[in-house]
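Chain by chain, the residues:
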Amino acid sequence: MVQASNDIFQSLLQQVQDYQPTVETYEVGLVEEVGDGIARVTGLNNIRLSELVRFSNGSVGIAFNLEKDNVGVIVIGDYDDIQEGDEVRPLGRIASVPVGMGLVGRVVNALGEPVDGKGAVNATEYFNIERIAPGVIERRNVFRPVQTGIVAIDSMTPIGRGQRELIIGDRQTGKTAIAIDTILNQKGKDLYCIYVAIGKRRGEVARLVALLEAYGAMEYTTVVVASASDPAAMNYIAPYSGCAMGEWFMENGKDALVVYDDLSKHAWAYRQVSLLMRRPPGREAYPGDVFYLHSRLLERAAQLSDERGGGSLTALPVIETLLGDVSAYVPTNVISITDGQIYLEPDLFYAGTRPAINVGISVSRVGGDAQTKAMKKVAGGLRLDLAQFRSLAAFAQFGSDLDKATQQQLDRGLRLTELLKQPQYQPLSLSDQVALIYAGTKGYLDAVPVDRVKEWQAGFLRAFNTQFASVANAIAESKALSDEQEAGLKDALTTFNASWS
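Not measured: the values here are computed from a predicted model. (Residues numbered from 1 in each chain as written. Predicted model: local features only at pLDDT ≥ 70, side-chain atom pairs only at ≥ 80, totals over all residues. Heavy atoms only, no water.)

Draft legend 1. Molecular detail of the layout of surface pockets. For the largest pocket, the calculated volume is near 870 Å³. Looking at the largest pocket, it is lined by 32 residues, and the ones nearest its centre are Gln-172, Gly-174, Thr-176, Ala-177 and Glu-204. Taken together, the elements giving at least two residues each to the lining of the largest pocket come down to α3 (175-184), α4 (202-214) and α6 (263-276). At six residues, the largest contribution of residues to the lining of the largest pocket is made by α3. Taken together, the residues of the lining of the largest pocket sort by class into 13 nonpolar, seven polar and 12 charged. (1 Å grid on protein atoms, 1.4 Å probe; cavity = no way out; pocket = protein on both sides within 12 Å on 5 of 7 lines; lining within 4 Å. Points joined across faces, edges and corners; volume = space filled by probe spheres on them. Helix = DSSP H or I, 4+ residues; strand = E, 2+ residues; numbered from the N terminus. Nonpolar A, V, L, I, M, F, W, Y, C, P; charged D, E, K, R; others polar.)

Draft legend 2. Quick peek at helix α5 (residues 232-251). Spanning 20 residues, α5 covers 30 Å between terminal C-alpha atoms, matching the ideal 28 Å at 1.5 Å per step. Approximately 35° is the largest bend angle found in α5, and it occurs at Ala-238, with the proline Pro-239 only one to four residues beyond. Summarising burial for α5: 19 of the 20 residues are buried, a large majority. (Expected span 1.5 Å × (residues − 1). Bend = angle between axes of the 7 residues up to and from the residue. Buried < 20%, exposed > 50% of the residue type's maximum accessible area, 1.4 Å probe, protein only.)

Draft legend 3. The arrangement of the pattern of salt bridges in detail. If you walk through the whole model with that rule in mind, you get 28 salt bridges. Note that Arg-48 and Glu-51 form a salt bridge whose closest N and O atoms lie 3.3 Å from each other. In this structure Arg-48 comes out as partly exposed when scored by relative accessible area, which is 40%. Asp-255 serves as the salt-bridge partner of Arg-144, at 2.8 Å between the closest nitrogen and oxygen. Taken together, the residues Arg-144 in the loop between β9 (125-128) and α2 (151-156) and Asp-255 in strand β13 (residues 255-261) connect sequence positions 111 residues apart. With a relative accessible area of 22%, Arg-144 lands in the partly exposed category. For Asp-255, a relative accessible area of 8% corresponds to the buried category. Each of Arg-131, Glu-138, Glu-247, Glu-251, Arg-300 and Arg-308 takes part in salt bridges that share partners, so that together they form one network. (Salt bridge = Lys/Arg side-chain N within 4 Å of Asp/Glu carboxyl O.)

Draft legend 4. Representation of the sheet that holds strand β14 (residues 312-321) in the model. What the eight strands build is an open sheet, ordered β8-β12-β11-β13-β14-β10-β15-β16; its pairing is mixed. Taken across any chain shown, the strands that pair with only one partner, and hence form the sheet edges, are β8 (107-109) and β16 (363-364). One ladder, built from three bridges, connects β8 with strand β12 (residues 221-226); its direction is parallel. Among the inter-strand pairings, Val-108 is bridged to a residue of β12, identified as Val-224. Seen against the sheet, α4 touches β8, β11 (192-198) and β12 and runs at an angle of roughly 175° to β12. (Pairing = 2+ DSSP bridges. Contact = heavy atoms within 4.5 Å. Axes fitted to C-alpha atoms, helices over the stretch in contact; angles between N-to-C directions.)

Draft legend 5. Region of interest: the side chain of His-294. On the secondary structure map, His-294 appears in helix α7 (residues 290-298). With a relative accessible area of 1%, His-294 lands in the buried category. With sequence-adjacent residues up to four places away left out, His-294 is seen in contact with Leu-263, His-266, Ala-267, Val-330, Val-334 and Ile-337.

Draft legend 6. Representation of the sheet that holds strand β1 (residues 29-35) in the model. On the basis of which strands lie adjacent, the closed barrel formed by six strands has the order β1-β2-β5-β4-β3-β6 and antiparallel pairing. The average angle at which neighbouring strand axes cross in this sheet is 45°, direction not considered. As judged from the six bridges shared by strand β4 (residues 60-66) and strand β5 (residues 71-76), these two strands associate in the antiparallel manner. Within β5, the residue paired with Asn-65 across the bridge is Gly-72. Strands β4 and β5 of the sheet are contacted by α5, whose axis makes an angle of about 90° with β5.

Draft legend 7. Inspection of empty space enclosed by the protein at higher detail. Counting across every chain of the model gives one cavity of 30 Å³ or more. Of the pockets and cavities examined, the largest cavity occupies roughly 50 Å³. Tallied by class, the residues present in the lining of the largest cavity amount to six nonpolar, three polar and one charged.

Draft legend 8. How the structure looks around unusual backbone geometry. For the bond running from Asp-261 to Asp-262, omega is -5°, close enough to zero to count as cis. For Asp-262, the location among the structural elements is in the loop between β13 and α6. Following Arg-354, the chain continues into Pro-355 via a peptide bond in cis, with omega recorded as 0°. For Pro-355, the location among the structural elements is in the loop between α9 (346-350) and β16. Here the phi dihedral of Leu-323 falls at roughly 55°; this positive angle occurs in a residue that is not glycine. Secondary-structure assignment places Leu-323 in the loop between β14 and α8 (329-337). The class for Leu-323 is exposed, based on a relative accessible area of 80%.

Draft legend 9. Broad picture of the pairing of strand β6 (residues 87-94). Summarising the sheet, β1 and β6 pair through two bridges and their orientation is antiparallel. Bridging from a neighbouring strand, Gly-29 pairs with Val-88 of β6.

Draft legend 10. Structural detail: the state of the cysteines. The tally for this structure, following the rule as stated, stands at zero disulfides. There is no disulfide at Cys-193, and the cysteine sulfur nearest it, in Cys-243, is 14 Å away. (Disulfide = S-S within 2.5 Å.)

Draft legend 11. Region of the structure containing the packing of aromatic side chains. One pass over the full model with this rule turns up 14 aromatic pairs. Considering the side-chain rings of Phe-64 and Tyr-236, the 5.6 Å spacing of their centres and the 85° angle between planes classify their relative orientation as edge-to-face. Of this pair, Phe-64 sits in strand β4 while Tyr-236 sits in helix α5, placing them 172 residues apart in sequence. With respect to class, Phe-64 is no different from Tyr-236; both count as buried. Their ring planes at 10° and their centres at 4.6 Å tell us that Tyr-192 and Phe-249 sit as a pair that is stacked. Taken as a pair, Tyr-192 in strand β11 and Phe-249 in helix α5 lie far apart in primary sequence, 57 residues in all. Taken as a pair, Tyr-192 and Phe-249 share a single burial class, namely buried. Taken together through their ring pairs, the aromatic side chains of Phe-64, Tyr-236, Tyr-240 and Tyr-270 make up a single cluster. (Phe/Tyr/Trp six-rings, centres within 6.5 Å; stacked < 30°, edge-to-face > 60°.)

This is the structure in structure tokens:
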């Protein structure tokens, strides 16, 4: 008994002697002031810009303003029960989101947390939401197309992989519809899509996700949601989070497409946060760095060089204008950053031309580099034909007598305009687009009544993909229009016109 007690005593003594005290230090700040999703915190002397902090109620915040005697923190989450004097601890990492294949098919919030009820996101890597854009030497020219499936875009304002193409127009003119059609058309084209919904209603986003699931597009799509009911901070960081998710694909030699819908609401959220932080307001009450807000986001879209893996990130920012005013502050900023714009005109939309693309103002600064050889060959004269039609139509409305050649140009222009109309969620394949544009520009539609062009189109495409499937497949595979394929296309059009009534 005495021996056992002695052994216990010796054991305890040994443990006491071997004990090495360790001191753990961490910085703790105190909330000085809180309200409207903003907290001013004192005592965080070593914090970095955009570093995450955690409040005592569990909410997360981002260090947004580093001032001399306090830190301005934007609160992400519930701020109602944050009190003056609460503890704030830095998390030691810059705001980051999970990235990788585990996010494909998921709906997440601006912090990468799942909101679709399908369990945790399977991700092992994290990217900072703010990253430096690839340098000039790391890039190469845009040389591969992003096929949108929309004839008017693929033929006249083509989008290339690695490009930034702005979709701009008034509300309810079909901006989101173009972005969604583009996502739907990527099935089987090895292009991962990220759709960032900024300031949209939750019901609207739910409908959109249901639509993507119905068409099988969620298999290659991630949806990032910062809804209208979320704090302004979430709306502010959402596009950067979506961009970081897309950059993972680009860095790993894959191709990604990211849609920012829309950057007008993003600028509003940034203005709200900045004004609450008492940053000096400038034009239209936006802070002075609102240009940099979008340039540092959109410059991250690139076509990387082969040495960097050859991946690409394509950006489709959306901007909502007010009464068609493209010269407002935010629209002009984004127009100057992007490589072209697709302008949607309300008058065209209400006149039944959908998509309501104004082909005069819309432009792609990448041009033919982002087109296949087949499309380049047939669409070369399309823009010119439409431009001539628009100028002639302006004179024709005065009712003057027209010579035969002018009347013929007007008639062809009307048929081409009808041909470019396209229903929503019905993107067309490359071979179908090439065949239709060829038919329109080469006069195969001249004898078809204008009100029956759509009927002719439906019948011809059915025949083209069944009776003349060999020609369609040859164009789709080669992505070019050789003399032999052109002869086959002419034969298909002549044969179909002879039987169509």
